[in-house]
Amino acid sequence: MFSHDRTTPTSGEDENCHNLGCGSPKRQFYRTCDQQDEIEENFIDYNLQQAEKKRRLTCEQVEFLESSFDVENKLEPERKLLIAKQLGLQPRQVAIWFQNRRARWKAKQLERDYDTLKARYSDILRENEKLQAEVN
């Protein structure tokens, strides 16, 4: 029934199925432009629906999360569940909020560290110039 040359149907196989040897229509390994456009439109529609479903946190929820973050920026599983229950959120939402907040905190910390180092460098540079003037 199966032959090694799959370019033509073997005896007993459907003309549309010769590449699969299965009795079902030939599998399409590429998409037409129209099919691709339809897939992309469906994907965009799906993403828009998901964005509409996305709920923003209330001010009270954000304030509570911020105060919890100030106490401890790491989130243990028990604490995550407790916060989620108190705020009426999914534990995953709380975890993601903490993850995003740590990323913002780290970026701000790097900015503060840079400003501090820049100020110290300026001070040292001025001191160096004073000392160079004294020597010369």
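Residues numbered from 1 in each chain as written. Predicted model: local features only at pLDDT ≥ 70, side-chain atom pairs only at ≥ 80, totals over all residues. Heavy atoms only, no water.

Undergrad: Tell me about the side chain of Q61, residues and numbers included.
TA: Locating Q61 in the fold gives a position in helix α2 (residues 59-71). Separated by 2.8 Å, the side chain of Q61 and the backbone nitrogen of T58 make a polar contact. Residues contacting Q61, with those up to four places away along its chain left out, are R56, L87 and L89. (Helix = DSSP H or I, 4+ residues; strand = E, 2+ residues; numbered from the N terminus. Polar contact = N/O pair within 3.5 Å; in protein donor to acceptor, adjacent residues only side chain to side chain. Contact = heavy atoms within 4.5 Å.)

Undergrad: Quick rundown of the packing of α2 against helix α4 (residues 91-135)? Include the residues and the values.
TA: Describing two packed helices takes the angle between their axes plus the distance from one axis to the other. At a minimum axis separation of 11 Å, α2 and α4 run at an interaxial angle of 60°. Judged by the angle between their axes, α2 and α4 are oblique. Crossing of α2 over α4 shows right-handed handedness. Taken together, the residues of α4 that come into contact with α2 (itself represented by L65, E66, S68 and F69) are V94, W97, F98, R101, R102, R104 and W105. (Axes fitted to C-alpha atoms, helices over the stretch in contact; angles between N-to-C directions. Parallel < 35°, antiparallel > 145°, perpendicular 65-115°, else oblique. Left-handed = near helix turned anticlockwise from the far one by under 90°.)

Undergrad: Give me the lowdown on the confidence of the model for the chain, citing residues and values where you can.
TA: Of all residues in the chain, 64% attain a pLDDT of 70 or more, and the chain-wide mean is 78. Averaged pLDDT values over the elements of the chain bottom out at 65 in helix α1 (residues 33-53) and peak at 96 in helix α3 (residues 77-87). Confidence drops under pLDDT 50 across residues 1-24; counting only partners more than four residues distant or on other chains, this segment forms 30 contacts. (pLDDT = per-residue confidence, 0-100.)

Undergrad: Tell me about the packing of α2 against α3, and please be specific about residues and values.
TA: Orientation of α2 relative to α3, taken along the N-to-C sense of each, is 160°, at an axis distance of 11 Å. Judged by the inter-axis angle, α2 sits roughly antiparallel to α3. Considering only the axes of α2 and α3, their crossing is right-handed. Contacts between α2 and α3 involve Q61, F64, L65, S68 and F69 from the former and R79, I83, Q86 and L87 from the latter. Looking at the contact of α2 with α3, its residues break down into five nonpolar, three polar and one charged. (Nonpolar A, V, L, I, M, F, W, Y, C, P; charged D, E, K, R; others polar.)

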